[in-house]
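Chains, contacts and geometry: an overview
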Amino acid sequence: MRGLPLAAWAYVCGVAALAAVLVGTSSFEGRWPTLAVLALLFILCDSVPAVLNIERARVSLGFTVGLASVVLLGPGGAALVCLSAIATGQLRFAPVKRLFNGAQFALCGYAAGQVYLAFGGRAGEPEAEYFPSIIAPFVAAVVTYVAVNLALICGILLLSRQVSVRDFRWEPIAQLSAGYLGYGMLGLLVAGLWRVPYLAVLAFIPLFIARWAFAQTRAQQQAHEATLAALCQAVETKDYYTRGHSERVSRGSVMIAEEIGMRPERVEAIRYAGMLHDVGKLGVPTKVLQKSGDLSEEEFAAIQLHPMRGLEIVKEIGFLDEALAGIMHHHEKMNGRGYPMGLAGDEIPEFARVISVADAFDSMTSTRSYRDARPIDQAVAELRRCAGSHFDPAIVDAFLRALDAKGWEPPKPVTLPEDDTVETTQQDHDDPSVPLRVAGGEGTRW
């Protein structure tokens, strides 16, 4: 948390002060053993968060305990239980982060408790006759807890400049909220079983099973990432000048996908497609990729086959799904003069139209063996010039909007190692303005 902006520090202090005032002025009658046990459970659950596929996202399992304390102890007790997050076992957290987490959880518990009472809920161990009338107040408390938590977290992320307003997407937030609401209902189960302590503890078993499932999903995704990274590295070892190209094309494709409002699962798929768009070059002879002179007809034909070879290589990887169309057709042109199938206009899959723009832009702003990188403004002008003929104009516009909002960091100039054997020049595959010299004629590739 070093270098935290002043506004973020003020926000943290404000949240902490408000939590301290509410906890300090709340009336809480006895039941200290219950509070102590719940606080211990909260610390235990908060110390083993569920790691999600969303970057840097972790879900505290303590929120179930916090919601159980809403029923068992009321607003003041719930705030005290949630405040125990300050003592979380996640030792890597900086003290200021622990303070903020404890304070914001306390505010969540207090607000949820007040809403629970306002909707007719009763604090204390629920009797059998309380059901089903207690369900509606508890659902209102869960919604309040989740809403306050997300609002406070979004506030600190914005003020600490970890994200911008444009980075927020409602789909992931909605998915996260739905998960919270579902698992939050376990808090009512814990409260209902509290008279028999070992049964209440057993209610946490589904929660930890869910955490295990999250961990398995995350591990599977990391295995996917490692597989894709290995394929990309294999491609890029054939040409030193294009190292990092696949990763940048992937990032540019995601920028476009988010700008045009693709669903999260499609954004993830296009990220994979961007990473693997040139995997078919594994089937192209290195001497062709690195040839410094004109290409023969046979050599040009080998280049044109790389999208189809790419499809053959990865078509059995089930999780790629729609990404396969992007890999296959990212060299098609809007005017129908691309390859491998000469598709035109809307015949070209959307993934391919997105990747082609990111692919061309990164190529133009990267140093290659035959030329230096173009400045970004020149690359932008070239995209505009070729919109309609090579590229989908709507995709170009979306990319330029994302570029203005998020910027672009071109790769550093290539410095060849002393023992590198890369040949001197290579025709550009991705720059639409560079003519392809073919022995006996002239074509264009990008």
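Residues numbered from 1 in each chain as written. Predicted model: local features only at pLDDT ≥ 70, side-chain atom pairs only at ≥ 80, totals over all residues. Heavy atoms only, no water.

Some thoughts on the packing of helix H4 (residues 95-118) against helix H5 (residues 135-159)
The relative placement of two packed helices comes down to the angle between their axes together with the axis-to-axis distance. Close contact between H4 and H5 brings their axes to 8 Å; oriented N to C, the two are set at 150 degrees. Here H5 runs roughly antiparallel to H4, going by the angle between their axes. Here H4 and H5 pass one another in a crossing that is right-handed. Each of Phe 100, Gln 104, Phe 105, Leu 107, Cys 108, Gly 109, Ala 111, Ala 112, Val 115 and Tyr 116 in H4 lies in contact with H5, whose residues at this interface are Pro 137, Phe 138, Ala 140, Ala 141, Thr 144, Tyr 145, Val 148, Asn 149, Leu 152, Ile 153 and Ile 156. Of the residues that constitute the contact of H4 with H5, the class distribution is 17 nonpolar, 4 polar and no charged. (Axes fitted to C-alpha atoms, helices over the stretch in contact; angles between N-to-C directions. Helix = DSSP H or I, 4+ residues; strand = E, 2+ residues; numbered from the N terminus. Parallel < 35°, antiparallel > 145°, perpendicular 65-115°, else oblique. Left-handed = near helix turned anticlockwise from the far one by under 90°. Contact = heavy atoms within 4.5 Å. Nonpolar A, V, L, I, M, F, W, Y, C, P; charged D, E, K, R; others polar.)

A short note on helix H17 (residues 376-386)
For H17, every residue scored as buried is listed here: Ala 379, Val 380, Glu 382, Leu 383 and Cys 386. When H17 is viewed along its axis, its buried side chains cluster within an angular range of 160 degrees and face the same direction. Away from its buried face, by an angle of more than 90 degrees, H17 presents the exposed residues Asp 377, Arg 384 and Arg 385. Tucked inside the fold, the buried residues of H17 contact helix H16 (350-364) and helix H18 (393-406). Note on H17: the residue one or two positions beyond its end, Gly 388, has a positive phi of about 100 degrees. (Buried < 20%, exposed > 50% of the residue type's maximum accessible area, 1.4 Å probe, protein only. Arc of directions from axis to C-beta.)

As for the packing of aromatic side chains
Considering all chains together, one arrives at 5 aromatic pairs under this definition. Grouped by ring-pair contacts, the aromatic residues Phe 361, Phe 399 and Trp 408 constitute a single cluster. Directly above the aromatic system of Trp 408 lies the positively charged group of Arg 251, at a separation of 5.2 Å from the ring centroid. (Phe/Tyr/Trp six-rings, centres within 6.5 Å; stacked < 30°, edge-to-face > 60°. Lys NZ or Arg CZ within 6 Å of the ring centre and 35° of its normal.)

Side note on H4
Over its 24 residues, H4 runs 35 Å from end to end, which matches the ideal 34 Å to within 8%, given 1.5 Å per residue. Looking one or two places after H4, you find Gly 120, whose phi comes out positive at around 100 degrees. (Expected span 1.5 Å × (residues − 1).)

A few points about the nonpolar core
Counting residues in each nonpolar core, the largest one holds 45 residues, and the members touching the most others are Val 314, Leu 383 and Phe 399. Of all the elements in the fold, those that place two or more residues in this core are helix H9 (205-236), helix H10 (245-259), helix H11 (264-276), helix H15 (323-329), H16, H17 and H18. At 8 residues, H16 tops the list of elements feeding residues into this core. Setting aside anything within four residues of it in sequence, one finds Val 314 in contact with Leu 231, Leu 276, Val 279, Leu 320, Leu 324 and Ile 327. (Core = buried A, V, L, I, M, F, W, Y, C linked by side-chain atoms within 4.5 Å.)

Quick word on unusual backbone geometry
Looking along the chain, the bond that leaves Phe 131 and enters Pro 132 is cis, with omega of 5 degrees. Following the sequence through the fold, Pro 132 ends up in the loop between H4 and H5. Of the consecutive residues Tyr 339 and Pro 340, the connecting peptide bond is found in the cis state with omega at 15 degrees. Inspection of the secondary structure assignment puts Pro 340 in the loop between H15 and H16.

A short note on the pattern of salt bridges
Evaluated as defined, the whole model comprises 13 salt bridges. Across the salt bridge formed by Glu 258 and Lys 406, the nearest N and O atoms sit 2.8 Å from each other. Placement of Glu 258 in helix H10 and of Lys 406 in helix H18 is noted, with a sequence separation of 148 residues between them. When its relative accessible area of 22% is taken as the criterion, Glu 258 is described as partly exposed. The class of Lys 406 is partly exposed, set by a relative accessible area of 36%. (Salt bridge = Lys/Arg side-chain N within 4 Å of Asp/Glu carboxyl O.)

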